[in-house]
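# Understanding the architecture of this molecule
Residues per chain are reported as follows:
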Amino acid sequence: MKFLDHLEEWLVTFLMGGATLIIFVAVLHRYAAGMAIPGLQDWLLSLSMSWAQELTIIMFVWMCKFGAAYGVRTGIHVGVDVLINRLNKQNRGKFVIFGLCAGALFTSIVAIIAAAFVWENGAHHFWLNLLGQSVEGIPEGPTTPDLEWPTWMVYSAVPLGSSLMCFRFIQVLVLFVKTGDLPHHDHGHVDGLEVDPNDPEDNPYAMADNLHPRDLHHSLEGKTRHHNATDGSQSK
């Protein structure tokens, strides 16, 4: 499981960094090619960067699909749960379970439909041809305009990413049923900055922002608010 977690993170990091680098090089090439520098301008104009935009779009699509699965695992997705967070512990747990089941069902349906589309869009022809089977009457499928890659390879991000999202929803659901915990992402956390977990001021649940469904172990109001309210009453 750790390998899958790391693979997910490495893939998103590589796609984001690679797409950013390609865009930077393409923009730099465009402006540098417009400068009347003898020798350099002719060489830059001979280089074609028409494929850069198409490749970055493909990379961002793949990054978004797998990044969405990463978001499910880490609890980074934003949701408006004003009413759910005000329910009692038992009812809140039921709604959380329903939401996770709905997410798993939706992503599984998307994965199945997308897999069928990719299969009929050229993957069928590719795999049969790779296995040495007859591909008579089976369309090879379209290709992308600039890179001329088979579009079924590009569209494979949808069934693969959705399947991983479905798995992550089920993973979070099992964890919640067993422990009552949900993954939480602290937007105020900075890597390398040490915090005291016993300090109520460092409690990530102190922000009652109603943006994330709370698990069964944390109330609507964080410890910091209770801490401040106690100090205020004692000062009076």
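Note: the structure precedes this text.
One structure accompanies this document, and this report is about it. Quick caveat, the model's predicted, so the values are computed rather than measured. (Residues numbered from 1 in each chain as written. Predicted model: local features only at pLDDT ≥ 70, side-chain atom pairs only at ≥ 80, totals over all residues. Heavy atoms only, no water.)

For the coordinates displayed, the defined rule picks out four aromatic pairs. Aromatic side chains Phe117 and Tyr155 sit 5.5 Å apart centroid to centroid with 45 degrees between the ring planes, which places their arrangement in the tilted category. Linking Phe117 in helix H4 (residues 89–130) with Tyr155 in helix H5 (residues 151–155), this pair joins segments that are 38 residues apart in sequence. Residue classification places Phe117 among the partly exposed positions, given a relative accessible area of 45%. With centroids separated by 5.1 Å and ring planes inclined at 80 degrees, the aromatic side chains of Phe126 and Trp127 adopt a geometry described as edge-to-face. On the basis of relative accessible area, Phe126 is assigned to the partly exposed category, the value being 30%. Among the residues examined, Trp127 registers a relative accessible area of 40% and is labelled partly exposed. Here the aromatic residues Phe126, Trp127 and Trp152 are joined through ring pairs into a cluster of three or more. (Phe/Tyr/Trp six-rings, centres within 6.5 Å; stacked < 30°, edge-to-face > 60°. Helix = DSSP H or I, 4+ residues; strand = E, 2+ residues; numbered from the N terminus. Buried < 20%, exposed > 50% of the residue type's maximum accessible area, 1.4 Å probe, protein only.)

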